[in-house]
Amino acid sequence: MVEGGVKMKEIIEKFDLEKVIEEFESLTQDAENVQKETLKRILEGNASAEYLQSLGLNGRTDPESFKACVPLVTYKDLEPYINRIVDGDFSPILTGKPITDVSLSSGTSQGKQKYIPWNDELFETTVKIYQTSFVFRNKEFPIQNGKALSFIYSSKLSQTKGGVTAGTATTNVFRNPGFKHAMNAFKSDSVSPDEVIFSPDFHQSLYCHLLCGLFFREEVSLISSTFAHSLVYAFRTFEQVWEELVFDIREGVLSNRVTHPSIRTAMSKLLKPNPELANLIHKKCIGLSDWYGLIPELFPNVKYVLGIMTGSMEHYLKKLRHYAGEVPLLTSEYGASEGWIASNVNPKVAPEFATYVVLPQIAYFEFIPLKQLDGTKVELEPVGLTHVKIGEDYEIVLTNPAGLYRYRLGDAVKVIGFHKSAPEIKFLCRSNLMLTINIDKNTENDLQISVETSSKMLAEEKMEVIDYTSYIDLSNDPGHYVIFWEISGEASDAVLYECCTCLDKSFVDAGYVSSRKVKGIGALELRLVRKGTFQKILEHYVGLGSSAAQFKTPRCIGPTNTKVLQILLENVVKNYISSAYN
Ligand code: AMP
């Protein structure tokens, strides 16, 4: 990791806003050649890998030979190779240089964590993409000085029995010595000491992040997290603990809810009694109506709120806007533990309409037209980065420098346009997360629209859906959709019953509607869960080694995700059956 740190320092020393933009324009202008070069670099660097050798590439690095020799794969296909790495086989299996670190993917989608090979090259792509997003952001929302209140949390780091270090991808980024340089250069240096970020308990971290933010409230110029979920979670927590925070500031002592010695020591260096600040925050909090505009009240110099806000994060935008008042919400980048994909170069566009430009130098990309995934096509034929068509939907396939070749990421995107010759894409959904019983096909995006439509009735009662997920119940014939909701407040049965019927009607997929009409699918069921249920789900994943920073509520619980299903089922307080199509 030291090597990455040194390279990072060099990048930062040469860091020049105009040059980064020039480089971006030139790379996107020549995306096709840049892709060829990127593939060549990856294949040459890993020519000695057993995996590539076994496929007969024989040193060829052109896209045509690559596609002819190397198959499209999913995680399952690579699992035997990755397991050998994790078990301590340091021969060149997937990469030329041995892999000594892996990222644990959050596993929120399929309920099973994946080990993804991690190396310095992936860290460098992280810096590249942060840099690109930063320069475009800074053009529109300049920050001269200042600090970031970043709700970031490292996961537990563990050693596999083969001696490989395993942490989440974000943890691998945070612990790289280059990370601090990067954050400094991108005006995103955290107000919190490292001990808070690397705390083994994310609740204690969160409390201290809030406390540090309040201490440095005048200096906070941006508020960020990896995913928007953590931002909303942080301010919901603030609503509950603000009096305790004010007490700590007044007395200059740290609440005994923070027990970890390293955090207590680090925080004690910051904490001094400050009754004036305590009074100010107290006054601001009691002066707010339903916490509207909390962010600018607490942080008067904040320029924007930043994090991934698209896809399954869109649900949290409403609440985040409520907290942010007039402060703009900016969506950041698009990527995965497997590698970065695209940057937001139009930060002024609202997250609901945001697109991301694929960076042609960070990985080799292919795109499978979604129409080919309807089951009729025997052999899939992905197209290259510059050959995608505007308006078409695709599944992303990536080849990265850390041993993934033609890897199906499982994300569906829509091509909205081009920046020079690089596609500008909109995230659609996870392509494998599907509510389906027979001929119906509803994606997580369809589910989100349905939840959004029906929750308008709750909004009229000044309530909201805190979080939601779904499940296909096949225990009776016909099977039916079950939607779990955790809501704020106490809604009447009549309202919830209407919400349930509205949920059912809002799935407009022709297969669903026709199946519902002929009773091939049973009436949709809305199950209300106790307050705090989704927090239990988050804690379940954190307990498995995920980082709270990378948490994404799984929007559809598969039958193998038994633990999460159990948490949900144990917490159901009421259920409602739709009367649509009666
Ligand atoms: P993980 O590696 O498990 O933390 O999650 C990566 C996944 O998060 C991606 O495959 C996407 O499904 C989702 N994701 C990441 N960035 C974005 C984004 N900008 N918009 C929507 N979804 C995203």
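What you see is a predicted model; the values in this text were computed from it and never measured.

**Student:** Let's hear about the overall build of the protein chain: which residues, and what values?
**Tutor:** When you go through the protein chain residue by residue, the secondary structure sums to 21 helices and 22 strands. Here the C-alpha atoms of the protein chain give a radius of gyration of 24 Å, agreeing with the 25 Å that 2.2 N^0.38 yields for 582 residues. Overall, the protein chain is about 70 × 65 × 45 Å in size when its C-alpha atoms are taken along their principal axes. Classification of the 582 residues of the protein chain by burial places 59% in the buried group. The long-range fraction of contacts in the protein chain, counting pairs at least 24 apart against all pairs at least 6 apart in sequence, stands at 71%. Charged side chains of the protein chain number 61 positive and 71 negative; the gap between the two group centres comes to 1 Å.

**Student:** Describe in detail the side chain of Thr355, supporting the description with residues and values.
**Tutor:** In this fold, Thr355 is placed in the loop between strand S10 (339-343) and strand S11 (356-358). Note on Thr355: relative accessible area 12%, which makes it buried. Of note is the side chain of Thr355, whose polar atom sits 2.8 Å from the side chain of Glu424. If near-sequence neighbours (up to four positions away) are discounted, Thr355 is found in contact with Ser343, Asn344, Ile416, Glu424 and Ile425.

**Student:** Tell me about the domain arrangement of the protein chain, and name the residues and values.
**Tutor:** With domains assigned, the protein chain is organised as domain 1 (145-152 + 193-327) and domain 2 (434-577). Computed from C-alpha coordinates alone, the two centres of domain 1 and domain 2 are separated by 30 Å. The interface is formed by 16 residues belonging to domain 1 together with 19 residues belonging to domain 2. With both sides pooled, the region where domain 1 packs onto domain 2 buries about 1500 Å², and carbon together with sulfur makes up 52% of that total. Broken down residue by residue, the surface that domain 1 buries against domain 2 is led by Phe202, Ser312 and His315, which jointly contribute 33%. Taken together, domain 1 and domain 2 are joined by 2 salt bridges. Where domain 1 meets domain 2, there are 9 residue pairs in polar contact (both at pLDDT 80 or more).

**Student:** Got a sec to walk through the packing of aromatic side chains? Specific residues and values, please.
**Tutor:** For the coordinates displayed, the defined rule picks out 21 aromatic pairs. Taking 5.7 Å as the distance between ring centres and 20 degrees as the angle between the ring planes, the aromatic pair formed by Tyr51 and Tyr405 counts as stacked. Remark: Tyr405 occurs in the loop between strand S14 (393-399) and strand S15 (407-419) and Tyr51 occurs in helix H4 (residues 50-54); sequence separation between them is 354 residues. Each member of the pair, Tyr51 as well as Tyr405, is classed as buried. Taking 5.8 Å as the distance between ring centres and 70 degrees as the angle between the ring planes, the aromatic pair formed by Tyr130 and Trp340 counts as edge-to-face. Of this pair, Tyr130 sits in helix H7 (residues 120-140) while Trp340 sits in strand S10, and the two are 210 residues apart along the sequence. Assigned by exposure class, Tyr130 and Trp340 land together as buried. One aromatic cluster is present, formed by Tyr51, Tyr81 and Tyr405 through successive ring pairs. Cation over ring: Arg555 sits above Tyr468, and NZ or CZ is 4.1 Å from the ring centre.

**Student:** Please provide a residue-by-residue account of the UniProt feature "domain: GH3 middle" (unreviewed entry) in the protein chain, values included.
**Tutor:** The UniProt record annotates "domain: GH3 middle" (unreviewed entry) at residues 356-430. Secondary structure over residues 356-430 splits into 0% helix and 53% strand, and the C-alpha atoms at its two ends are 16 Å apart.

**Student:** Go over the state of the cysteines with me, naming the residues and quoting the values.
**Tutor:** A full pass over the atoms with the stated rule returns 0 disulfides. Residue Cys499 stays outside any disulfide, its sulfur separated by 7.1 Å from that of Cys502, the closest cysteine. The cysteine Cys500 is free of any disulfide, with Cys499 supplying the nearest cysteine sulfur at 8.6 Å. Note on Cys500: relative accessible area 0%, which makes it buried.

**Student:** So what about the packing of helix H2 (residues 17-29) against H7? Which residues, and what values?
**Tutor:** At a closest axis distance of 10 Å, the pairing of H2 and H7 adopts a crossing angle of 115 degrees. It follows from the interaxial angle that H2 and H7 lie roughly perpendicular. Regarding H2 and H7, the two cross each other, and that crossing is left-handed. Residues Leu17, Val20, Ile21, Glu23, Phe24 and Glu25 of H2 form the contact with H7, whose own contacting residues are Lys128, Gln131, Thr132, Phe134, Val135, Phe136, Asn138 and Lys139.

**Student:** Can you tell me about the sheet that holds S15, naming the residues and giving the values?
**Tutor:** Taken in spatial order, the 8 strands of this open sheet run S9-S10-S11-S16-S15-S14-S12-S13, and their pairing is antiparallel. The open sheet is flanked by strand S9 (333-336) and strand S13 (383-384), the only strands paired with a single partner. Note: S9 against S10, 4 bridges, orientation antiparallel. When the bridges of S10 are listed, Gly335 appears paired with Trp340.

**Student:** Quick rundown of helix H20 (residues 533-543)? Include the residues and the values.
**Tutor:** Residues spaced three or four apart along an α-helix point in a common direction, a consequence of the helix completing one turn every 3.6 residues. Burial in H20 covers these residues: Thr533, Phe534, Ile537, Leu538, His540 and Tyr541. Buried positions in H20, seen along its axis, are confined to an arc of 155 degrees and lie on one side of it. Among the structural elements, helix H11 (202-215), helix H12 (228-251), strand S19 (465-473), strand S20 (480-487), strand S21 (525-529) and helix H21 (562-570) are those in contact with the buried residues of H20. Of the residues trailing H20, Gly545 is marked for its positive phi of about 110 degrees.

**Student:** Provide a residue-level description of the UniProt feature "domain: GH3 C-terminal" (unreviewed entry) in the protein chain, including the pertinent values.
**Tutor:** This chain's UniProt record puts "domain: GH3 C-terminal" (unreviewed entry) on residues 446-557. For residues 446-557, helix accounts for 43% and strand for 20%, while the C-alpha atoms at its two ends are 15 Å apart.

Scoring rules and cut-offs
Residues numbered from 1 in each chain as written. Predicted model: local features only at pLDDT ≥ 70, side-chain atom pairs only at ≥ 80, totals over all residues. Heavy atoms only, no water. Helix = DSSP H or I, 4+ residues; strand = E, 2+ residues; numbered from the N terminus. Rg over C-alpha atoms; globule rule 2.2 N^0.38 Å. Buried < 20%, exposed > 50% of the residue type's maximum accessible area, 1.4 Å probe, protein only. Contact = heavy atoms within 4.5 Å. Lys, Arg positive; Asp, Glu negative; His and termini not counted. Charge placed at Lys NZ, Arg CZ, Asp CG, Glu CD. Polar contact = N/O pair within 3.5 Å; in protein donor to acceptor, adjacent residues only side chain to side chain. Domains from an automatic or database assignment. Buried area = accessible area lost by both parts, 1.4 Å probe. Salt bridge = Lys/Arg side-chain N within 4 Å of Asp/Glu carboxyl O. Phe/Tyr/Trp six-rings, centres within 6.5 Å; stacked < 30°, edge-to-face > 60°. Lys NZ or Arg CZ within 6 Å of the ring centre and 35° of its normal. UniProt positions renumbered as here; feature names shortened; annotations may be inferred. Disulfide = S-S within 2.5 Å. Axes fitted to C-alpha atoms, helices over the stretch in contact; angles between N-to-C directions. Parallel < 35°, antiparallel > 145°, perpendicular 65-115°, else oblique. Left-handed = near helix turned anticlockwise from the far one by under 90°. Pairing = 2+ DSSP bridges. Arc of directions from axis to C-beta.

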